[in-house]
Amino acid sequence: MSHPRTVPPSVDVVIVGAGFSGMYLLHKLRELDLTAVVFEAGADVGGTWYWNRYPGARVDVESLAYSYSFSDELEQEYEWQERYPTQPEILKYARHVADRFDLRKDIVFRTRVSAATWDEGAKSWLVRTEHEDAVTARFLVMATGCLSASKMPEIPGLDTFKGATYHTAHWPHEGVDFSGLRVGIIGTGSSGVQSIPVIAEQAADLTVFQRTPAYSLPARNRRLRPDEIKTMKLNYRKFRQAQRESGFGVPTPVPTKSALEVSEAERDAAFEVAWESGSLVNLLTAYKDLAVDQAANDTAKRWIHRKIHDIVSDPQVADDLSPEYPVGTKRPCLDTNYYETYNRPNVHLVNLRRTPLVEVTEKGIRTSEREYEFDAIVYATGFDAMTGALTNVDIRGRDGLSLKETWSAGPRTYLGIGTAGFPNFFMITGPGSPSVLSNMVVSIEQHVDWVTDAIAHLREQGLRVIEPVREAQDAWVDHVNEIASYTLYPKANSWYMGANVPGKPRVFMPYAGGVGEYRKKCDEVAAKGYEGFELTV
Ligand code: NAP
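Now for a look at the structure at hand. (Residues numbered from 1 in each chain as written. Predicted model: local features only at pLDDT ≥ 70, side-chain atom pairs only at ≥ 80, totals over all residues. Heavy atoms only, no water.)

1. Some words on the overall build of the protein chain
So, point 1. Each helix and strand counted, the protein chain has 16 helices and 20 strands in total.
So, point 2. Whereas a compact globule of 537 residues would reach a radius of gyration of roughly 24 Å, the protein chain reaches 23 Å, a difference of no more than 12%.
So, point 3. By principal-axis analysis of the C-alpha atoms, the protein chain measures approximately 70 × 55 × 45 Å.
So, point 4. Within the protein chain, buried positions represent 58% of all 537 residues.
So, point 5. Partitioning the intrachain contacts of the protein chain with sequence separation of at least 6 by distance along the chain shows that 72% fall at a separation of at least 24.
So, point 6. Total accessible area computed for the protein chain in this model is approximately 21900 Å², and 50% of it derives from carbon and sulfur atoms.
So, point 7. Charged side chains in the protein chain number 59 positive and 71 negative. The centres of these two groups are separated by 1 Å. (Helix = DSSP H or I, 4+ residues; strand = E, 2+ residues; numbered from the N terminus. Rg over C-alpha atoms; globule rule 2.2 N^0.38 Å. Buried < 20%, exposed > 50% of the residue type's maximum accessible area, 1.4 Å probe, protein only. Contact = heavy atoms within 4.5 Å. Areas by Shrake-Rupley, 256 points an atom, 1.4 Å probe, with all protein chains shown as cover. Lys, Arg positive; Asp, Glu negative; His and termini not counted. Charge placed at Lys NZ, Arg CZ, Asp CG, Glu CD.)

2. Quick word on the site of the ligand
So, point 1. Surveying the vicinity of the ligand reveals 26 residues, the closest of which are Thr188, Ser191, Arg211, Thr212 and Lys330.
So, point 2. Between the ligand and the protein, one listed contact pairs a nitrogen atom with a backbone N or O atom of Arg58 at 3.0 Å.
So, point 3. Bound to the protein, the ligand loses 90% of the 910 Å² it would expose on its own.
So, point 4. The biggest single contributor to the shell around the ligand is helix H5 (residues 190-202), with 3 residues. (Near = heavy atom within 4 Å. Polar contact = N/O pair within 3.5 Å; in protein donor to acceptor, adjacent residues only side chain to side chain.)

3. As for the packing of aromatic side chains
So, point 1. Going through the model one piece at a time under the given rule, you end up with 39 aromatic pairs.
So, point 2. Both rings, one in Tyr78 and one in Tyr93, keep their centres 4.8 Å apart while their planes meet at 75°; by these two values the pair is edge-to-face. With Tyr78 in the loop between helix H3 (72-77) and helix H4 (87-100) and Tyr93 in helix H4, this residue pair connects regions lying 15 residues apart in the sequence. Both residues of the pair, Tyr78 and Tyr93, count as buried.
So, point 3. With 5.2 Å between their ring centres and 85° between their planes, Tyr338 and Tyr342 make a pair best called edge-to-face.
So, point 4. Aromatic ring contacts, followed pair by pair, group Phe20, Tyr24, Trp49, Tyr66, Tyr68, Phe70, Tyr78, Trp80, Tyr93 and Phe101 into a single cluster.
So, point 5. For Lys330, the ring lying beneath its charged end belongs to Tyr325, and the centroid distance is 5.8 Å. (Phe/Tyr/Trp six-rings, centres within 6.5 Å; stacked < 30°, edge-to-face > 60°. Lys NZ or Arg CZ within 6 Å of the ring centre and 35° of its normal.)

4. What to know about the sheet that holds strand E13 (residues 357-360)
Pairing between sheet strands relies on hydrogen bonds along the backbone, with the strands arranged either parallel or antiparallel.
So, point 1. The 3 strands lie next to each other as E13-E14-E15, forming an open sheet whose pairing is antiparallel. Strand pairing shows two members of the sheet lacking a second neighbour, E13 and strand E15 (371-373), which therefore form its edges. The average undirected angle you get between the axes of adjacent strands in this sheet is 20°.
So, point 2. By the bridge criterion, 3 bridges tie E13 to strand E14 (residues 364-367) in an arrangement that is antiparallel. (Pairing = 2+ DSSP bridges. Axes fitted to C-alpha atoms, helices over the stretch in contact; angles between N-to-C directions.)

5. Description of the sheet that holds strand E8 (residues 182-186)
So, point 1. One open sheet holds the 5 strands; their spatial order is E7-E16-E8-E9-E12, and the pairing between them is parallel. Strand pairing shows two members of the sheet lacking a second neighbour, strand E7 (164-167) and strand E12 (347-351), which therefore form its edges. Sheet twist, expressed as the average angle between the axes of neighbouring strands with direction ignored, equals 20°.
So, point 2. Alignment of E7 against strand E16 (residues 376-379), held across 4 bridges, turns out to be parallel. Following the sheet pairing, Ala164 is matched in E16 by Ala376.
So, point 3. Running over the sheet, H5 touches E8, strand E9 (205-210), E12 and E16 and is turned about 170° from E8.

6. With respect to the packing of helix H7 (residues 264-277) against helix H9 (residues 294-311)
So, point 1. Axis separation between H7 and H9 bottoms out at 11 Å; the angle between their running directions is 65°. Handedness of the H7/H9 crossing: right-handed. Together, Glu264, Arg267, Asp268, Phe271, Glu272 and Trp275 of H7 and Thr299, Ala300, Trp303, Arg306, Lys307 and Ile311 of H9 make up the contact between the two elements. (Left-handed = near helix turned anticlockwise from the far one by under 90°.)

7. As for the state of the cysteines
So, point 1. The final tally for this structure, using the stated rule, is 0 disulfides.
So, point 2. Cys146 supplies the cysteine sulfur nearest to Cys522, a cysteine that is in no disulfide, at a spacing of 14 Å. (Disulfide = S-S within 2.5 Å.)

8. Side note on helix H15 (residues 470-486)
So, point 1. The terminal C-alpha atoms of H15 lie 25 Å apart, and with 17 residues this matches the ideal 24 Å at 1.5 Å per residue to within 8%.
So, point 2. Turning to H15, its buried residues are Ala472, Gln473, Trp476, Val477, Val480, Ile483 and Ala484. Looking down the long axis of H15, one finds its buried residues gathered within 140° of arc, a one-sided arrangement. For H15, exposure combined with an orientation more than 90 degrees from the buried face picks out Glu471 and Tyr486. (Expected span 1.5 Å × (residues − 1). Arc of directions from axis to C-beta.)

9. Observations regarding the nonpolar core
So, point 1. Ile15, Phe20, Tyr66, Tyr68, Leu415, Phe426 and Trp450 are the most contacted members of the largest nonpolar core, which has 81 residues in total.
So, point 2. The biggest single contributor to this core is helix H14 (residues 440-461), with 9 residues.
So, point 3. Among the nonpolar cores identified, the runner-up in size contains 51 residues, and Tyr166, Val183, Ile304 and Ala380 belong to it. (Core = buried A, V, L, I, M, F, W, Y, C linked by side-chain atoms within 4.5 Å.)

10. Observations concerning unusual backbone geometry
So, point 1. A positive phi angle is found at Asn337, which is not glycine, with a value near 65°.
So, point 2. For Asn337, the location among the structural elements is in the loop between strand E11 (333-335) and helix H11 (338-341).
So, point 3. Taking relative accessible area as the criterion, Asn337 reaches 41% and is therefore assigned partly exposed.
So, point 4. Unusually for a residue other than glycine, Met386 sits at a positive phi of about 70°.

Here you go:
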């Protein structure tokens, strides 16, 4: 992993982040004979899969679908082991890609970008890092991921606890042995839901502090069979095309029926098939109106509540684990033995709606009811999603315009790719694109392809600068909001809405119109000479 730290003074493109986005972007830029440097805060590639090493961490899109499609050889040679691979297996894949395409020589690791300023005279960016590097670049691309700025809960006393403290997104590389320990965990999103069953098996005692329960479905993970790998490898091109045209980047039949037009028995049977399938998307797409009609959604909600009550033996605990917000409006989870874990004698659920958190103490956690003593506390408290990693860098566009200030009432982008006032600035899977509502790898490849095509187009036309036109951006923001308003998404206090960060504006950030529709729109914009962008010399 050791690697000489050479930072070129000037490149065509500075890329921030060496996750799946930054790696593919670097590869594509090289194909165009453009020079690039990637700055990466971690010590290796992998992004999300580098940082999130908590016990039980897995992807919840199937491995054969959650992988790059840009290289036939890579697709054919890589051997995935499991349906839903573990974090180490995905990190191994990312490392394999870095080695195979010789990416590391243009990646500067352990280096966080701190600031970037547009120089109108030179028509370039000046990018600075925490280590005082300064690089000029014609283009700046934030490949920083949607869920990379982690957050701690806003409670007093976080530093007073004398035991060990962990955040799921910054897990020690050597792992943690919880054997014999009393452990408290705050948070029951995907990271909590995946880690709780694994920690429970090791710890003497595990207390889960839950503010909002998650809807979670069994992953039904297993080893992949050689025949299914072979079939996929034979049909990859067709499958990739279907991914690109689908709603979530995962090919699924388009539902035609309303949940309200079928009998309860038929509906129950359909939900059961989705539950058994071990896929998130199958439940959400069982009926055409689950995402848009409260009464339709209620049928799925009641059905899942019943499932939780069937699995969890204590009816009070089952009640506490049953969410009230519409299914799918906060990110649902895939789990292995999540609800079953609450039947273990060493696992306790604290419902923070009844007894709110008060503070972290020297010995543990105090709620309005009592103090709980722990040897270790795990924070599975999530991220400042979608905008945090962008606004954490001091990005200044035209006339010193600050991205953070410009977005103080919520992010405003054109296609989730660029933002007015910030020339030659691109985001991979930015707010206003399908991003987190999709198979991320599909969305990443689409954005990288679009951005590199745009850069190539500028070069061909002898142009130097591309920037969204404000009116086109306003229209896109209106469109994103309008689509969201047809759905039930705004009904939940989710990180999609920025609701998990106190003071963050409540705006539904991803584009809910689907990956296929979105791609068509982006292709149309490019075909019309980058309509809605201003291209200048
Ligand atoms: P998250 O979904 O935001 O969950 C954070 C949890 O912490 C929530 O239960 C939240 O409660 C709780 N919390 C936050 N602040 C709190 C406070 N002050 N007091 C009490 N509870 C608090 O974060 P995450 O679990 O890390 O997952 C984030 C996203 O990453 C997922 O939705 C998913 O997109 C992705 N992810 C995917 C996988 C996978 O399976 N591949 C695994 C992990 C993460 P509230 O809900 O009440 O805010």
